Amino acid sequence: MSGSPVIARREAPPRAVWALEQAGVPTLLARLFAARGVRSIDELDDGLGKLLLPAGLQGAAQAAKRLADALRDGERICIVADYDCDGATACAVALRGLQLLGVPRERLAYVVPDRAVHGYGLTPAIVDLAAQQRPDVLVTVDNGIASLEGVAHARGKGMAVVVTDHHLPALLDGVVVLPEADVIVNPNQPGCGFASKNLAGVGVMFYVLLALRSELRERGVFSAEQQPRLDALLDLVALGTVADVVKLDANNRRLVAQGLRRIRGGRMQAGLAALFAAAGRDARRASAFDFGFALGPRINAAGRLADMTLGIECLLTDDTGRAAELAKLLDGINRERREVEAGMREQAELLLERLMPDGEPPPALALFDAEFHEGVVGIVAARLKDRVHRPTFVFARGQDGLLKGSGRSIPGFHLRDALDLVSKRHPGVLRRFGGHAMAAGATVAAEDLPTFAQGLQQVAREWLDAATLSRTLLTDGPLDPAQFAPATVRELDAQVWGQAFEPPVFCDEVEVVSQRLVGERHMKLSVRHAGALRDAIWFGRSEPLEARVRLAYRLSLDEYNGRERVQMVVEGSEAA
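Here is a short report on the structure shown in this document. Quantities reported herein were computed from a predicted structural model and do not represent experimental measurements.

Secondary structure summary: the protein chain contains 18 helices and 19 strands in total. Whereas a compact globule of 576 residues would reach a radius of gyration of roughly 25 Å, the protein chain reaches 24 Å, a difference of no more than 12%. C-alpha extents for the protein chain along the principal axes are approximately 75 × 60 × 45 Å. Looking at the 576 residues of the protein chain, the share that counts as buried comes to 55%. A fraction of 66% describes how many contacts in the protein chain between residues 6 or more apart in sequence connect residues 24 or more apart.

Take a look at the structure:
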């Protein structure tokens, strides 16, 4: 096994901390923000006026012109969605936004692929499905940048195609190849100088709507004073952005902060309110954590085990009763997903043990079992990657007999680029592949899986060194005992944390006073910290701790019978 993580401290440059404090940022937050790269108070301004302008997003103005023409000419528009939370929110934002800007609902439609039947993206099969809606314009959301055949098929049928996406383009012999769409809007396409390359699919669609509103304003459809308020969509934008685990750069943090502000103030779509209720979360204290671990998984479950139409309809309805009904259904599907995942993880762990007889995993993993469910392979890959700290693919057999895999990576190993190298070295083994640095998908024939696994492991041997393979748990150092209080937790929870802007983890030396196993898998602790007894819990830990240890922990607020109690949620430990 690759061992326990090394606990290290993030550096918070003193000058940056001082500058933020001088600008009025509380001392603890100044330290946390500076350690995450914030250098000026301006970066923390989450006002709408600070958002990057859509004019900088290549293709947005052209997409706006094409959609404005469609509105003027009474054309029908069909949104082609994706089957994850980002795709579902992007679809809802597109449909709600186009209606706000004047497109009648009867001229709008959407289709979403069935993961098992159609596969990912704008495939020819999805184009044929969309054609039943008789659209003049297809708009892809969160997909399409690598859909060369699908775009050609749609244009061959006389449809205009507007691609809005954020994934990396396809590569052919190491050269970027773009689909021959009418318009492409994607911050990651060649030549796009947009300052945030990290927009989620829902963020890209939101920017297209901003550009469309500007275009309609120029055409005299409405004045600046009369124009529709698109910020009503930011609750959906925030949810999709966090759920897709894109980097929370300054622009994405603003989008998420604005969405959270609306939700906390009770101004949200009926479906989001219903999902908060179904998850047992308080929307008045909504956080990015709720998006990533409560709402997002419930919507994603529909695309994994059922039909993402359920998730999209939940986000589209304005009927609170209908929203509650759909949210309850999604909650049930998510419970089923957890059961399927638990069984798959158990089987995957057995396969993993066979691959590491001496306790050390191979440099990369590619696992398959005939009983694996295609909708859950990504989650299981993520869990295994976290356990062994290795790039990991998990495959399931698709309806066409091919193996559909989902991969998750570790920092320092660009998964999509690794797949590209495997495809060059072993031509024909990868039937399809695509994705990002940290997550990717691949399709192989069953007989080619051993070759793929060997090829991926070879790339991992070449690219990964000992430093990359050693896990590091970054912390923010000790917490002042005076700040171990409910007010601190509330202040931290009010901020936007997430991918590449990680939530605070503190590290202190403690004395373990008592420890006991709860629920068979979690260690409940009482520790002495700075002379005071604290409650702590370590989820997924069953081995006892030494009497004195350094604990890396998050803060959480436990409420019971009207009383608030601060608890340490342990992330790691090492000998004191």
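Here the narrative resumes.
A few words on the packing of helix H10 (residues 270-278) against helix H13 (residues 320-355). Taken N-terminus to C-terminus, the directions of H10 and H13 make an angle of 45°; their axes are 8 Å apart at the nearest point. With respect to each other, H10 and H13 are oriented oblique. Of the two possible hands of crossing, H10 and H13 adopt the one that is right-handed. Across the interface between the two elements, Ala270, Gly271, Ala274, Leu275 and Ala278 from H10 touch Thr320, Ala323, Ala324, Ala327, Leu330 and Asp331 from H13.

As a further point, take the pattern of salt bridges. As enumerated under the stated definition, the model contains 41 salt bridges in all. With a shortest N-O distance of 2.9 Å, Glu75 and Arg66 are connected by a salt bridge. Arg66 matches Glu75 in its accessibility class, with the two residues each being buried. Here Glu571 makes a salt bridge to Arg554, at a shortest N to O gap of 2.6 Å. With a gap of 17 residues between them, Glu571 in strand S19 (residues 563-575) and Arg554 in strand S18 (residues 548-560) connect regions that are remote in the sequence. A relative accessible area of 34% means that Glu571 is categorised as partly exposed. Taken together, the salt bridges that share partners define one network made up of Lys65, Asp69, Arg72, Asp73, Glu215 and Arg219.

Taken residue by residue, helix H12 (residues 309-316) has Gly311, Ile312, Cys314, Leu315 and Leu316 as its buried positions. Against helix H4 (85-100), strand S3 (108-111), helix H8 (234-243), H10, helix H11 (288-305) and H13 lie the buried residues of H12.

The next thing to look at is the pairing of strand S16 (residues 522-529). With 7 of 8 residues buried, S16 lies mostly within the body of the structure. With antiparallel pairing between neighbouring strands as the criterion, strand S15 (residues 506-518) and S16 make up a hairpin whose turn holds 3 residues, including Gly519 at a positive phi of roughly 60°. Hairpin remark: S16 followed by strand S17 (residues 532-538), antiparallel, with 2 residues in the connecting loop; positive phi at Ala530, about 55°.

The next subject is the sheet that holds S18. The strand order around the closed barrel built from 5 strands is S15-S16-S17-S19-S18, with neighbouring strands paired in mixed fashion. Mean inter-strand twist for the sheet, computed between neighbouring axes without regard to direction, equals 45°. In the packing of helix H18 (residues 486-493) onto the sheet, the strands contacted are S15, S18 and S19, and the crossing angle to S18 comes to about 85°.

The rules behind the values
Residues numbered from 1 in each chain as written. Predicted model: local features only at pLDDT ≥ 70, side-chain atom pairs only at ≥ 80, totals over all residues. Heavy atoms only, no water. Helix = DSSP H or I, 4+ residues; strand = E, 2+ residues; numbered from the N terminus. Rg over C-alpha atoms; globule rule 2.2 N^0.38 Å. Buried < 20%, exposed > 50% of the residue type's maximum accessible area, 1.4 Å probe, protein only. Contact = heavy atoms within 4.5 Å. Axes fitted to C-alpha atoms, helices over the stretch in contact; angles between N-to-C directions. Parallel < 35°, antiparallel > 145°, perpendicular 65-115°, else oblique. Left-handed = near helix turned anticlockwise from the far one by under 90°. Salt bridge = Lys/Arg side-chain N within 4 Å of Asp/Glu carboxyl O. Pairing = 2+ DSSP bridges.

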